[in-house]
Amino acid sequence: NWHEYIAAIEARGVVVEAMPAQVIGSPRVELFISPDGSVQILGSHDALHADMPIGITGPQTSTPHLPLMKAATNVGQMLAAKRAMGYVTVDFLSWLEDGGQPRLWGLHINPFLTDAAAESRLFRFITQAQWKAGSGNFSVPNDVLDSASQTTAATQSNLPQERYFVSLRQLYHPNLCSVQYNVFFNLCRLKGVHFDLRERVGTAFVLSDSFASGTLGILTIHADPINAFRLASTGLSFVQSQMGIAKGAGEKFLPAGTFRNAVMEVKTQLAVRSAAGDNKGDADNGLSSKVEDILP
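Just so it is clear, the structure is predicted and the values come from calculations on it, not from any experiment.

Visitor: Account for the pattern of salt bridges, with residues named and values stated.
Guide: Pairing between side chains of opposite charge can happen when their charged atoms approach one another. Counted by the stated rule, this structure contains five salt bridges. Arg-103 is the partner of Glu-97 in a salt bridge, and the nearest nitrogen-oxygen pair spans 2.6 Å. The partly exposed category is assigned to Glu-97, whose relative accessible area is 29%. Overall, Arg-103 belongs to the partly exposed group, its relative accessible area being 35%. The salt bridge involving Arg-198 is made with Glu-199; its shortest N-O contact spans 3.2 Å. Here the two residues Arg-198 and Glu-199 agree in accessibility, since each one is buried.

Visitor: Give a detailed account of the side chain of Glu-265, specifying residues and quantitative values.
Guide: In this fold, Glu-265 is placed in helix 7 (residues 258-276). Of the side chains bearing the opposite charge, Arg-273 lies closest to the buried Glu-265, which forms no salt bridge; the N-O distance is 7.7 Å. For Glu-265, the residues in contact, after removing those within four places along its chain, are Leu-48, His-49, Ala-50 and Ile-54.

Visitor: Explain the packing of aromatic side chains to me, and be specific about the residues and the numbers.
Guide: Summed over all chains, the structure comprises 11 aromatic pairs. Ring centres 6.3 Å apart and planes at 45 degrees place the aromatic pair Phe-205 and Phe-238 in the tilted group. Taken as a pair, Phe-205 in strand 11 (residues 201-206) and Phe-238 in helix 6 (residues 225-243) lie far apart in primary sequence, 33 residues in all. A relative accessible area of 13% means that Phe-205 is categorised as buried. By relative accessible area, which is 5% here, Phe-238 ends up buried. Here the aromatic cluster, defined as three or more aromatic residues joined through ring pairs, consists of Phe-123, Trp-131, Phe-138 and Phe-165.

Visitor: Run through the packing of helix 5 (residues 181-191) against helix 6, naming residues and quoting values.
Guide: For any two helices packed against each other, one specifies the inter-axial angle together with the distance between the axes. Contact geometry of helix 5 with helix 6 gives a least axis separation of 12 Å together with a crossing angle of 120 degrees. One finds that helix 5 runs oblique with respect to helix 6. For helix 5 against helix 6, the interelement crossing comes out right-handed. Mapping the contact onto sequence places Phe-184, Leu-187, Cys-188 and Lys-191 in helix 5 and Phe-238, Gln-242 and Met-243 in helix 6.

Visitor: Provide a residue-level description of the nonpolar core, including the pertinent values.
Guide: Membership of the largest hydrophobic core comes to 28 residues, with the highest contact counts inside it found for Val-29, Leu-31, Phe-123, Phe-165 and Ile-221. Of all elements in the fold, only strand 2 (27-33), helix 2 (65-81), strand 5 (86-96), helix 3 (115-127), helix 4 (142-151) and strand 12 (215-222) reach the threshold of two or more residues within this core. Per element, the largest residue contribution to this core is six residues, and it comes from helix 2. Discounting residues that sit within four places of it in the chain, Ile-221 has contacts with Phe-123, Ile-126, Thr-127, Arg-163, Tyr-164, Phe-165, Phe-195, Arg-200, Val-201, Gly-202 and Leu-231. The next biggest cluster of nonpolar side chains, apart from the first, holds 27 residues, and it includes Leu-216, Ala-228, Leu-236 and Val-239.

Visitor: Tell me about the pairing of strand 3 (residues 39-49), and name the residues and values.
Guide: Of all 11 residues in strand 3, eight are buried; the element is thus mostly enclosed. One ladder, built from seven bridges, connects strand 2 with strand 3; its direction is antiparallel. Within the sheet, the bridge partner assigned to Pro-27 lies in strand 3 and is Asp-46. Linking two consecutive strands that pair antiparallel, namely strand 2 and strand 3, is a turn of five residues; a positive phi of about 95 degrees is found at Gly-37 within it. In the sheet, strand 3 pairs with strand 4 (residues 53-58) via four bridges, with the strands oriented antiparallel. For Asp-46, the partnering residue across the bridge sits in strand 4 and is Thr-57. What sits between the antiparallel neighbours strand 3 and strand 4 is a turn of three residues.

How each quantity is defined
- Residues numbered from 1 in each chain as written.
- Predicted model: local features only at pLDDT ≥ 70, side-chain atom pairs only at ≥ 80, totals over all residues.
- Heavy atoms only, no water.
- Salt bridge = Lys/Arg side-chain N within 4 Å of Asp/Glu carboxyl O.
- Buried < 20%, exposed > 50% of the residue type's maximum accessible area, 1.4 Å probe, protein only.
- Helix = DSSP H or I, 4+ residues; strand = E, 2+ residues; numbered from the N terminus.
- Lys, Arg positive; Asp, Glu negative; His and termini not counted.
- Contact = heavy atoms within 4.5 Å.
- Phe/Tyr/Trp six-rings, centres within 6.5 Å; stacked < 30°, edge-to-face > 60°.
- Axes fitted to C-alpha atoms, helices over the stretch in contact; angles between N-to-C directions.
- Parallel < 35°, antiparallel > 145°, perpendicular 65-115°, else oblique.
- Left-handed = near helix turned anticlockwise from the far one by under 90°.
- Core = buried A, V, L, I, M, F, W, Y, C linked by side-chain atoms within 4.5 Å.
- Pairing = 2+ DSSP bridges.

Without other data, these values stay purely geometric and don't point to any function.
Okay, structure coming up:
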C-alpha cells in the first residue's frame, strides 16, 4: 500500500528517472571493439516491451539511421580509448519534443554479448543476411538465394533481398510441458508453420530449454517489417490454439506472463505499423494476421 511504499523510500532512498511523453522506440546498436581499437557496427534492433522486455525486432526502424550510427560509433570509440574490447550493445531512447523535433538519448552500455545480440546473430545465421552499414538494412546476397533455388530445383526468388525479423524470447505456456517434440513439430507441418529455406523467410521456434520448462522462443523473418509481425502473430496463435485450454479465442484463455504480454505487444505493433503504412511489399502477400484469433 501507499504508506508502506513511502516508508520503503524513506528507509532506502529512491531514484527518479525522466520519461519523455512521446517515446518513439528503444533502438539498440550492436558493436564489436577489436583489440587494435577499431569499432565495427554489427547491426541494430528495436526493443519490444510490454509489462517487461519480451524480445526485439530488427533492423531498427524507430530512429533515423545515420544519427544513430554516429552516436553508437562515438560510444564505441570512447570505450576503445579506455581499452575496452569485445561485444558491446548500446541502448538508446528515441522520442519527440513538444514541437515534433526528434531526439535521441543514450541509456545503457552493455559491455558483453547480450541475449538480444545473440538473437540477432541467430537471425543472421539462419538467413545468411549481411549488415549494410550505408542503409542500415540486413540483406541476403543474391548468390545465397540463387544457390538455394538451384538446390531445390525451384524458380528464382521474387522477394526483395532485405530481411526483417521479430524475436520473442522465453515465452511461457504451462501446457507445453505435456507435449513431445515430434508431436509439436508434426503439428507445425500440418498447420503450415515453417521456415522456407529457399526464400529465407518464415517461422523458427527457438528451444532455449526443454518443453518440460514450458518455455520456447519464436523467431519470424520476412522481407518487410509488418509481415514479420504477421508471422509472429500467426506463431502465437498456433501455440495458443494447439496448447490452450480451449480451442476458442478470448483473452481470458491466455496464460499470464510473457506469452500474454507478447500477444498484446504484437497486436499493438501490427496496429501501429498498419496505420503508418510500414509495409514495403504487398499488404497481404499470402499472410493473414492471427492476433484476432486470440484476442477480441
